[in-house]
Amino acid sequence: MAGDKDTLLSMGFDPARVEWALKATGNRGLQPAMDHILEHEGQPVPDLNAVTQQSSTSTSAPMDVDADDEDIEALKSLGVLKGDAGATGEGGDAAEAKSIKCSECGKVFKNTALANYHAEKSGHDQFEESTEELKPLTEEEKKQKLEELKQKMAEKRAKKAVEDAKEQAANDAIRRKAGKDLNKIREELKIKEAEKEAAAKKREKLEDAKARAAIKAQIEADKKARAEKAAREKALREGKPLPDASAAAGPSRPAAAAATANTGVAGRDFKETRLQIRLSTGGQPLTTTLPSEAPLREVAEFLASQTMDVDVDTVSFAQHFPRKVFTREEFSKSLKELGLTPSAVLIATP
């Protein structure tokens, strides 16, 4: 419509967008064209030859679903919406009526289309014919009404933009929280993996210590067996009585103590040292017999082979009588040098 195009151009819209809107809406009126321009104001104007007419369920009454009765009435007066043929219905009485009035709220409508829309929107169902004639809007009133409609649509779009921004912010917050939770789970998994790896290393270390202790015990047993064999062979060669195992192993502890007391041999002359080890954390004491020349570190290795609570590199030893705490430097010294022969009680702190 030439009138619609001139009106849109007078409102300051771009001519190309006006042509696009009129073709896309099938020249159904001013309001659909203005809706199209506002809805696509951020989009580039396409080739008009490729523009197809938008479908509509009603070609006679295109309107914004949020428009109120006054807006519809203004659109009617502006020629945007076509009048209802039923306004001049059959019979002489309908022709004499110049408007329709809502008995419940007092609003006056130009035709039945506006009255029906008002009834659907408000729920009012009491109407009567009225002789009150609605004066047509002047050109100035038309422009003002169009400007109000344009401003109302802009406010609706701005409100929707705010709501969309809030929704987007809420979605972003949900995504950030999900990301934090995922990172927390990953960190917890890393910590658990590190703990598993540390436990595996500790078990491997304990198994190595047990293996070393077993090897050393086997070596000592082999040495003792060889010494006994050599003693027997020597006795056979010299025609002397064969020594028994208890004699080869040495006199009993009371006998050794008596021998020491009688001969005045110092404890450092004993080849083996019997140790009782008590853990500062409690539990049953552990006992072992080691060569007097063995370093204190072997005691730590023996203890680590018996319990997982002890680490060779961190355990410490102390004596109550005489009171003494052994330093890490003393771990390389022999039990004889540390004065622990022929027997001693050690307190181990893991």
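Residues numbered from 1 in each chain as written. Predicted model: local features only at pLDDT ≥ 70, side-chain atom pairs only at ≥ 80, totals over all residues. Heavy atoms only, no water.

1. A closer look at the overall build of the protein chain
Phase 1 of the analysis: For the protein chain, the helix and strand inventory stands at ten helices and eight strands.
Phase 2 of the analysis: Across the 350 residues of the protein chain, 27% fall into the buried class.
Phase 3 of the analysis: In the protein chain, the proportion of contacts linking residues at least 24 apart, taken out of those at least 6 apart, comes to 61%.
Phase 4 of the analysis: For the protein chain, the exposed surface amounts to about 22,700 Å²; the carbon and sulfur share of it is 52%. (Helix = DSSP H or I, 4+ residues; strand = E, 2+ residues; numbered from the N terminus. Buried < 20%, exposed > 50% of the residue type's maximum accessible area, 1.4 Å probe, protein only. Contact = heavy atoms within 4.5 Å. Areas by Shrake-Rupley, 256 points an atom, 1.4 Å probe, with all protein chains shown as cover.)

2. Remarks on helix α6 (residues 112–122)
Phase 1 of the analysis: Where α6 is concerned, the buried positions are Thr112, Leu114, Ala115, Tyr117 and His118.
Phase 2 of the analysis: At the C-terminal side of α6, glycine 123 shows a positive phi close to 85°.

3. Concerning the pattern of salt bridges
Phase 1 of the analysis: Scanning the entire structure with this criterion turns up 16 salt bridges.
Phase 2 of the analysis: In this structure, lysine 216 engages glutamate 301 in a salt bridge whose closest nitrogen and oxygen atoms are separated by 3.0 Å. Linking lysine 216 in helix α7 (residues 139–238) with glutamate 301 in helix α10 (residues 296–306), this pair joins segments that are 85 residues apart in sequence.
Phase 3 of the analysis: The class for glutamate 301 is buried, based on a relative accessible area of 9%.
Phase 4 of the analysis: Overlapping salt bridges, with partners in common, bring together Lys205, Arg212, Lys216, Arg297, Glu298, Glu301, Asp311 and Asp313 in one network. (Salt bridge = Lys/Arg side-chain N within 4 Å of Asp/Glu carboxyl O.)

4. Focus on the UniProt feature "domain: UBA" (unreviewed entry) in the protein chain
Phase 1 of the analysis: The sites that UniProt annotates as "domain: UBA" (unreviewed entry) are residues 6–40.
Phase 2 of the analysis: With 71% helix and 0% strand, the stretch residues 6–40 has end C-alpha atoms that lie 20 Å from each other. (UniProt positions renumbered as here; feature names shortened; annotations may be inferred.)

5. Some remarks on the packing of helix α2 (residues 15–24) against helix α3 (residues 30–39)
Phase 1 of the analysis: It is the contact of α2 with α3, at a shortest axis distance of 8 Å, that shows an interaxial angle of 120°. Taken as axis vectors, α2 and α3 run oblique relative to one another. Crossing angle aside, the handedness with which α2 passes α3 is right-handed. Here Arg17, Val18, Trp20, Ala21, Leu22 and Ala24 of α2 lie close against α3, whose contacting residues are Ala33, His36 and Ile37.
Phase 2 of the analysis: Tallied by class, residues from the contact of α2 with α3 come to seven nonpolar, one polar and one charged. (Axes fitted to C-alpha atoms, helices over the stretch in contact; angles between N-to-C directions. Parallel < 35°, antiparallel > 145°, perpendicular 65-115°, else oblique. Left-handed = near helix turned anticlockwise from the far one by under 90°. Nonpolar A, V, L, I, M, F, W, Y, C, P; charged D, E, K, R; others polar.)

6. Describing the pairing of strand β4 (residues 272–279)
Phase 1 of the analysis: Along β4, the buried face is formed by Thr273, Leu275, Ile277 and Leu279; none of Glu272, Arg274, Gln276 and Arg278, which line the opposite face, is buried.
Phase 2 of the analysis: The pairing of β4 with strand β5 (residues 286–291) spans six bridges and is classified as antiparallel. When the bridges of β5 are listed, arginine 274 appears paired with threonine 289.
Phase 3 of the analysis: Adjacent in sequence and paired antiparallel, β4 and β5 are bridged by six residues, among which glycine 282 carries a positive phi angle near 100°. (Pairing = 2+ DSSP bridges.)

7. Things to note about the packing of α7 against α10
If you want to describe how two helices pack, look at the angle between their axes and the distance between the axes.
Phase 1 of the analysis: Orientation of α7 relative to α10, taken along the N-to-C sense of each, is 120°, at an axis distance of 8 Å. With respect to each other, α7 and α10 are oriented oblique. Crossing angle aside, the handedness with which α7 passes α10 is left-handed. Side by side, α7 and α10 meet where Leu206, Ala209, Lys210, Arg212, Ala213 and Lys216 of the first sit next to Glu298, Glu301, Ala304 and Ser305 of the second.

8. Side note on the sheet that holds strand β1 (residues 99–102)
Phase 1 of the analysis: Strand order in the open sheet made by the three strands is β2-β1-β3, with antiparallel pairing throughout. Edge strands, defined here as strands with exactly one partner in the open sheet, are β2 (108–109) and β3 (127–130).
Phase 2 of the analysis: The pairing of β1 with β3 spans four bridges and is antiparallel. Bridge pairing in β3 places lysine 101 opposite glutamate 128.

9. Quick look at the nonpolar core
Phase 1 of the analysis: Residues Leu296, Val299, Phe317 and Leu340 are the most contacted members of the largest nonpolar core, which totals 24 residues.
Phase 2 of the analysis: Looking at this core, the elements that each hand over two or more residues are β4, α10 and β8 (343–349).
Phase 3 of the analysis: Counting residues per element, this core draws most heavily on α10, which supplies six residues.
Phase 4 of the analysis: Contact partners of phenylalanine 317, with chain neighbours within four places excluded, come to Ile277, Leu296, Val299, Ala300, Leu303, Val325, Phe326, Phe331, Leu346, Ile347 and Ala348.
Phase 5 of the analysis: If you look at the next biggest cluster of nonpolar residues, it comprises 14 residues, including Phe13, Ala33, Met34 and Ile37. (Core = buried A, V, L, I, M, F, W, Y, C linked by side-chain atoms within 4.5 Å.)

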